[in-house]
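If you want the building blocks of each chain, they are given just below.
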Amino acid sequence: MSDAAAPTAWLRVAVHSVRTATTVAGLTLLVGFGALGVVTEPAPTTPAERIGMSSGPLDDMMQANRCSFTGFDRDVIPSKAIVRTPEGDTELVSFDRGWDVFSGKIAGELVAVCLGPEAPAAR
């Protein structure tokens, strides 16, 4: 009887080992793909970063050139734009160049659109 029981016990151990190894491999892949999705996903831009840009020299440039972060009415045509270059510099440029940055033709980030400086009052 001991000879007949030995193959059955060995078969049970083998089946249990294969099932356990398959479960562990599946869970490892699941966790790995989940971690890969989190790592490769870009961080969202928060509104707090936009609020933080309106201080110091940028605020002065925006006031002097009558700029807006959100744009103007459809009948108002901006003449200037403020862009942030890939190096991190903030520049006042023509609206056409700002549009090229916005549309992705030129590297950078569109920060604001501007009407330009106010014309001096006539005397």
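Going by the structure above, here's the rest.
Residues numbered from 1 in each chain as written. Predicted model: local features only at pLDDT ≥ 70, side-chain atom pairs only at ≥ 80, totals over all residues. Heavy atoms only, no water.

### Points about the pairing of strand S4 (residues 109-114)
So, step 1. Across 2 bridges, the pairing between strand S1 (residues 67-68) and S4 is antiparallel. Its bridge partner being in S4, cysteine 67 is matched across the sheet by cysteine 114.
So, step 2. Pairing of strand S2 (residues 80-84) with S4 involves 5 bridges; the strand directions are antiparallel. Along S4, the bridge assignment pairs isoleucine 82 with alanine 112. (Pairing = 2+ DSSP bridges. Helix = DSSP H or I, 4+ residues; strand = E, 2+ residues; numbered from the N terminus.)

### Things to note about the nonpolar core
General note: in soluble globular proteins, nonpolar side chains tend to be found buried as a group.
So, step 1. Grouped together as the largest cluster of nonpolar side chains are 7 residues: Leu58, Met62, Cys67, Ile82, Val111, Ala112 and Cys114.
So, step 2. Among the secondary structure elements, those contributing two or more residues to this core are helix H3 (57-64) and S4.
So, step 3. Looking at this core, the element that brings in the most residues is S4, giving 3 residues.
So, step 4. In this structure alanine 112 touches Met62, Cys67, Ser68, Phe69, Ala81 and Ile82, once residues within four positions along its chain are discounted. (Core = buried A, V, L, I, M, F, W, Y, C linked by side-chain atoms within 4.5 Å. Buried < 20%, exposed > 50% of the residue type's maximum accessible area, 1.4 Å probe, protein only. Contact = heavy atoms within 4.5 Å.)

### Focus: the sheet that holds S2
So, step 1. Strands sit in the order S1-S4-S2-S3 across an open sheet of 4 strands; the sheet is antiparallel. The sheet terminates laterally at S1 and strand S3 (90-94), the two strands that pair on one side only.
So, step 2. Against the sheet, H3 contacts S1, S2, S3 and S4, and its axis sits at roughly 165° relative to S2. (Axes fitted to C-alpha atoms, helices over the stretch in contact; angles between N-to-C directions.)

### A look at the state of the cysteines
So, step 1. Per the counting criterion, the structure on display carries 1 disulfide.
So, step 2. Paired by a disulfide, cysteine 67 and cysteine 114 hold their sulfur atoms 1.9 Å apart. Where cysteine 67 bonds to cysteine 114 through sulfur, the torsion about that S-S bond is close to 100°, and the disulfide is right-handed. Here cysteine 67 is found in strand S1, whereas its partner cysteine 114 is found in strand S4, with 47 residues between them in sequence.
So, step 3. Residue classification places cysteine 67 among the buried positions, given a relative accessible area of 15%.
So, step 4. Cysteine 114 gets classed as buried once you look at its relative accessible area, which sits at 0%. (Disulfide = S-S within 2.5 Å.)

By themselves, these are just geometric observations and shouldn't be taken as functional.
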